[in-house]
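Secondary and tertiary structure notes
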Amino acid sequence: MTSHRWFSPSRLAIHATLLLACALYLIPLIVMLLTSFKSPEDIRTGNLLSWPHVITGSGWLTAWDAVGGYFWNSVKITLPAVLISTLLGALNGYVLSMWRFRGSQLFFGLLLFGCFLPFQTVLLPASFTLGKLGLASTTTGLVLIHVVYGLAFTTLFFRNYYCSVPHALVQAARLDGAGFFTIFGRILLPMSVPIIMVCLIWQFTQIWNDFLFGVVFASGDAQPITVALNNLVNTSTGVKQYNVDMAAAMIAGLPTLLVYVVAGKYFLRGLTAGAVKG
Amino acid sequence: MARLELRNVNKRYGSGLPDTLKAIDLAIDSGEFLILVGPSGCGKSTLMNCIAGLEQISGGEILVEGADISAMSPKDRDIAMVFQSYALYPTMSVRDNIAFGLKIRKMPQSAIDEEVARVAKLLQIEHLLARKPSQLSGGQQQRVAMGRALARRPKIYLFDEPLSNLDAKLRVEMRTEIKLMHQRLKTTTVYVTHDQIEAMTLGDKVAVMKDGLIQQFGTPQQIYNDPANLFVASFIGSPPMNFIPARLQRQGGRLMALLDSSQGRCELPLSRDIQGLEAREVVLGIRPEQIVMGGAEGNGLPSIRAQVQVTEPTGPDLLVFVTLNQTKVCCRLAPDVSCCIGDSLALQFDPARVLLFDSASGERLDLAAPACVTQDNVARFTGR
């Protein structure tokens, strides 16, 4: 092995730059964490980056009391919406890559427009539709909105992934006697772990972090945590409890962080899939 | 085990597009090995997909055991196929790959185990059953793909260029194995290839295709010795047949072809007398191995002297290139012939083996049988 020159000037420059970038990225997180464990007194007297005099969990407990219920609302919205949109996206992608029909390319092209539609443009038609369906201001309605809006992305992911799967696999399975759903369930889905992971992460992040749909289509006790967090932070009465705000923000952000940590390695693998066949 | 018959099969991908397959007529008996051979884009793979049911035909009939299957879905046709890419299910073990079709067909588990064991033994892949396809070499994947086809004991096997992804040595080995397998199992087989050696060595019957048309259908020997046109003659055989443009002349009541080199002339008497060809430009077809060194003894064969331009020793043969009628001509001589570039060689031709082609249409001019040896034509000309 050739010896690496760790202390050459160029190496030092590279590492210094990287460390600086790292610090810039991490400082907000550090400030949040430190602040969340401080007492209100401490926050007023110390500076942003100072270590808490006394580490206290009271901010976290208050925060959980305030947004804990909404946390479960978000879980109830996100889990079904993520699972349903991923499954339907997989099925769409399977049809659009392996069972092309007349006009399927056009259909796919139109579907892609869904990826570029700004949320705001669909608010009115969506609330009209939800009202007609009798789903206005319900969790089911919000799930439906997220599924429909997410389909464009999940279909795109799966369709592109399946386009790199040799068509002969499907032909072989057809000759073996397998039908439409058997081929999907027994041959293609087991091959799709990386892209399923990409979809899950993508959809989870999108839906969990959504604010606009949550604030428009859910009300009162059914609101997701993003809306609850906003309400908490923007309350204008009394003294600002920054430790509670920071803790609540951390609670709201933790699940997406967790998803990245657990499934992140699949994310890159899935996004680069198709370049190299497994 | 089934007789396969194609009647007037047509395939068109869209109105306005030209036909991909044009009036294909073929028939093979139960247990026969049919080769579909031709350059890429000739429609051979499309024809195979039509037989498998992966593509719908636009016209005609596909009969297995006399019953029309062209409207059936692939799973009801009882046909198994080996794909060029092998198409093994990547997430399943070798055992599950072989058993998949049997499970789908609701065979009892004990029977499945028995069948997998039989196939694995036959193909010598017993030690690989627990592995995933990605853990196998190309040759092993090929065997598994064959195993999956064998497991169902279908009426017909289809092979779509199964050897083209293997290296040269393995390809020759697997070719022999496929032939052995077919001799043992005697299952009707259709085999697509673009490799003319595979076509010659494996097939009971060969159909040479080009532009969606069957150019010639017959035994490998018929195709090799009696090609119906210039295309078939040039496609089959390696090194390829020599095509020498020549003028015909009638001398002493016999039809002669005139050959000349820089070192001499020769009048090649044609074995078959055909009226109306005098003074016409034709193409003579002579296979490289049918040109021999002229010996000292006069054996009565016409001979011509020509100057050696290039020699290519291949091991078993010595390929010598000379120029006749301004055309490069390859001669396949014995390897022990000593000749150098610039030497003058006496070459002899057997007139009985020289083929005559029309230079414009490419059709054979001296064929006793009809140009396209389809079943109908055979019947018509032999009175059967």
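The rules behind these values
- Residues numbered from 1 in each chain as written.
- Chains lettered and ligands numbered in written order.
- Predicted model: local features only at pLDDT ≥ 70, side-chain atom pairs only at ≥ 80, totals over all residues.
- Heavy atoms only, no water.
- Buried < 20%, exposed > 50% of the residue type's maximum accessible area, 1.4 Å probe, protein only.
- Helix = DSSP H or I, 4+ residues; strand = E, 2+ residues; numbered from the N terminus.
- Pairing = 2+ DSSP bridges.
- Axes fitted to C-alpha atoms, helices over the stretch in contact; angles between N-to-C directions.
- Left-handed = near helix turned anticlockwise from the far one by under 90°.
- Nonpolar A, V, L, I, M, F, W, Y, C, P; charged D, E, K, R; others polar.
- Contact = heavy atoms within 4.5 Å.
- Buried area = accessible area lost by both parts, 1.4 Å probe.
- Salt bridge = Lys/Arg side-chain N within 4 Å of Asp/Glu carboxyl O.
- Domains from an automatic or database assignment.

Thoughts on the pairing of strand E7 (residues 156-160) of chain B
All names here are of chain B. Of all five residues making up E7, five are buried, and the element is well covered by its neighbours. Of the two faces of E7, the one carrying Ile156, Leu158 and Asp160 and the one carrying Tyr157 and Phe159 are both buried. Strand direction decides the pairing type here: strand E6 (residues 79-82) and E7, joined by four bridges, are parallel. Residue pairing across strands places isoleucine 79 opposite isoleucine 156, the latter belonging to E7.

Overview of the packing of helix H3 (residues 58-98) of chain A against helix H6 (residues 139-163) of chain A
Residue and element names in this part refer to chain A. Contact geometry of H3 with H6 gives a least axis separation of 6 Å together with a crossing angle of 35 degrees. Crossing of H3 over H6 shows right-handed handedness. Looking at side-chain class alone, the contact of H3 with H6 contains 16 nonpolar, 10 polar and two charged residues.

Observations concerning the interface of chain A and chain B
On the side of chain B, 22 residues touch chain A, which itself brings 15 residues to the contact. Buried area between chain A and chain B, both sides added, is near 1,700 Å², and the carbon and sulfur share of it is 66%. When the buried surface of chain A facing chain B is broken down by residue, Arg174, Leu175 and Asp176 of chain A rank first, second and third, together holding 41% of it. At the junction of chain A with chain B, the criterion picks out one salt bridge. One salt bridge in this structure joins aspartate 176 of chain A and arginine 152 of chain B, with 3.3 Å as the shortest N-O distance.

Notes on the domain arrangement of chain A
Residues and elements named next belong to chain A. Under the domain assignment, chain A is made up of domain 1 (9-45) and domain 2 (58-271). Placing the centre of domain 1 and that of domain 2 at their C-alpha centroids yields a distance of 31 Å. On the domain 2 side, the residues contacting the 10 residues of domain 1 number eight residues. Buried area between domain 1 and domain 2, summed over both chains or domains, comes out near 780 Å², and the portion from carbon and sulfur atoms is 78%. If you sort the residues of domain 1 by the area they bury against domain 2, Met32, Ser36 and Ile43 come out on top, with a joint share of 53%. Inspection of the domain 1/domain 2 interface yields zero salt bridges. Elements supplying a minimum of two residues to the side of domain 1 that touches domain 2: helix H1 (9-36) and helix H2 (40-45). The dominant element in the side of domain 1 that touches domain 2, judged by the number of residues it contributes, is H1, at five residues. Residue composition of the side of domain 1 that touches domain 2, by class: six nonpolar, three polar and one charged.

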